[in-house]
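# Architecture and fold: a report
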Amino acid sequence: MQAVISLRNTLWLTVALAMVAAPHAERLPWWVIMLAAMLVLWRVYLGRARLELPRKWLMMMIVAAATAGIYLNYRTIFGRDAGVALLIVMLALKLLETRSQRDGMLLTFLGYFLVITNFLYSQTIATALYMVFCIWIITSATIGLNSMQPPRGYRNQLRTAGLLLAQSAPLML
């Protein structure tokens, strides 16, 4: 049996993924933004109230409706704009069904992938600096997911993530 993800880690992932998705908001249709926000808020509510996560049939209906909506909006589900919109909706849906540590790790990897999609639209220094900040937050979320000890606070996670990223900087360069 896999470890169940805590509310603290779920909230940490939610913040990290919202930060990465935020720059895409100006390019997405309003309904995609609203759907993703509602799904994320629903997950936070379910976690705080300790309620059961949605059933598979309901999730499948939302997936089908969202995919159809993206197809109708973009006339395809392939390509840069439609692909990013679909990725953001599916990311929000995956967050909604996240139960285990494995699901949380998958979300962090999708978050890293979403960081790259921001560079499809803008390759400025400001975008790069913001994405480095997002990578720092996602890495902190990953550390929280993999921690064997009880949480010692956000600062410890942020410090460890910063240290790991600083150590990997020469390799990146």
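Below, the structure is looked at part by part. Only a predicted model underlies this, so the values are computations on that prediction, with no experimental measurement involved. (Residues numbered from 1 in each chain as written. Predicted model: local features only at pLDDT ≥ 70, side-chain atom pairs only at ≥ 80, totals over all residues. Heavy atoms only, no water.)

Glancing now at helix α4 (residues 80-96). Between the first and last C-alpha of α4 there are 24 Å, a value that for 17 residues agrees with the 24 Å anticipated at 1.5 Å per step. In terms of residue burial, α4 counts as a mostly covered element, since 13 of its 17 residues are buried. (Helix = DSSP H or I, 4+ residues; strand = E, 2+ residues; numbered from the N terminus. Expected span 1.5 Å × (residues − 1). Buried < 20%, exposed > 50% of the residue type's maximum accessible area, 1.4 Å probe, protein only.)

This paragraph deals with the side chain of Arg-43. One can find Arg-43 in helix α2 (residues 30-49). For the buried Arg-43, no salt bridge is present, and the opposite-charge side chain at shortest range is Asp-103, 7.9 Å distant. A distance of 2.8 Å separates a polar atom in the side chain of Arg-43 from the backbone oxygen of Thr-98. Ignoring any residue separated from it by four or fewer positions in sequence, one finds Arg-43 in contact with Ile-5, Thr-10, Leu-53, Leu-95, Leu-96 and Thr-98. (Lys, Arg positive; Asp, Glu negative; His and termini not counted. Salt bridge = Lys/Arg side-chain N within 4 Å of Asp/Glu carboxyl O. Polar contact = N/O pair within 3.5 Å; in protein donor to acceptor, adjacent residues only side chain to side chain. Contact = heavy atoms within 4.5 Å.)

Let's shift gears to the packing of helix α5 (residues 101-118) against helix α6 (residues 125-146). One way to put it is that α5 packs onto α6 with a least axis distance of 10 Å and a crossing angle of 170°. The orientation of α5 with respect to α6, classified from their angle, is roughly antiparallel. Note on element contacts: α6 touches α5 through Met-131, Cys-134, Ile-135, Ile-138, Thr-139, Thr-142, Leu-145 and Asn-146, opposite Gln-101, Gly-104, Met-105, Thr-108, Gly-111, Tyr-112, Val-115 and Asn-118. Taken together, the residues of the contact of α5 with α6 sort by class into 8 nonpolar, 8 polar and no charged. (Axes fitted to C-alpha atoms, helices over the stretch in contact; angles between N-to-C directions. Parallel < 35°, antiparallel > 145°, perpendicular 65-115°, else oblique. Nonpolar A, V, L, I, M, F, W, Y, C, P; charged D, E, K, R; others polar.)

So, on to the pattern of salt bridges. Tallying each qualifying case throughout the model produces 6 salt bridges. The residue Glu-97 makes a salt bridge to Lys-56 at a minimum N-O spacing of 3.3 Å. Here the residue Glu-97 occupies a position in the loop between α4 and α5, and Lys-56 occupies one in helix α3 (residues 56-74), the gap between them amounting to 41 residues. One salt bridge connects Arg-80 with Asp-81, and the closest N-O pair in it is separated by 3.4 Å. A relative accessible area of 43% places Arg-80 in the partly exposed class. Classification of Asp-81 by relative accessible area gives partly exposed; the value is 32%.

Counting residues in hydrophobic clusters, the biggest one holds 41 residues, and the most contacted among them are Leu-39, Ile-70, Ile-88, Val-89 and Leu-114. Looking at this core, the elements with two or more residues in it are α1 (7-21), α2, α3, α4, α5 and α6. It is α4 that provides the largest number of residues to this core, a total of 12 residues. Excluding its chain neighbours within four sequence positions, the residues that come into contact with Ile-70 are Trp-31, Val-32, Arg-75, Thr-76, Ala-82, Ala-85, Leu-86 and Val-89. (Core = buried A, V, L, I, M, F, W, Y, C linked by side-chain atoms within 4.5 Å.)

So, about α5. Compared with the 26 Å implied by 1.5 Å per residue over 18 residues, the 26 Å span of α5 between its first and last C-alpha is a close match. Taken together, the buried positions of α5 are Asp-103, Gly-104, Met-105, Leu-107, Thr-108, Gly-111, Leu-114, Val-115, Thr-117 and Asn-118. Elements in contact with the buried residues of α5: α1, α4 and α6.

Bringing unusual backbone geometry into the picture now. A negative phi angle characterises most non-glycine residues, just as the trans form characterises most peptide bonds. Phi is positive for Arg-50, which is not a glycine, with a value near 55°. We classify Arg-50 as exposed; its relative accessible area is 77%. Phi at Arg-75 takes a positive value of approximately 65°, unusual for a residue other than glycine. Exposure remark for Arg-75: the relative accessible area of 60% places this residue in the exposed category.

Here we come to the environment of Ala-22. Within the secondary structure, Ala-22 sits in the loop between α1 and α2. Given a relative accessible area of 43%, Ala-22 falls into the partly exposed group. Through-space distance from the C-alpha of Ala-22 to that of Asn-118 is 9.8 Å; in sequence the pair is 96 residues apart.

Worth remembering: the numbers are spatial, not functional.
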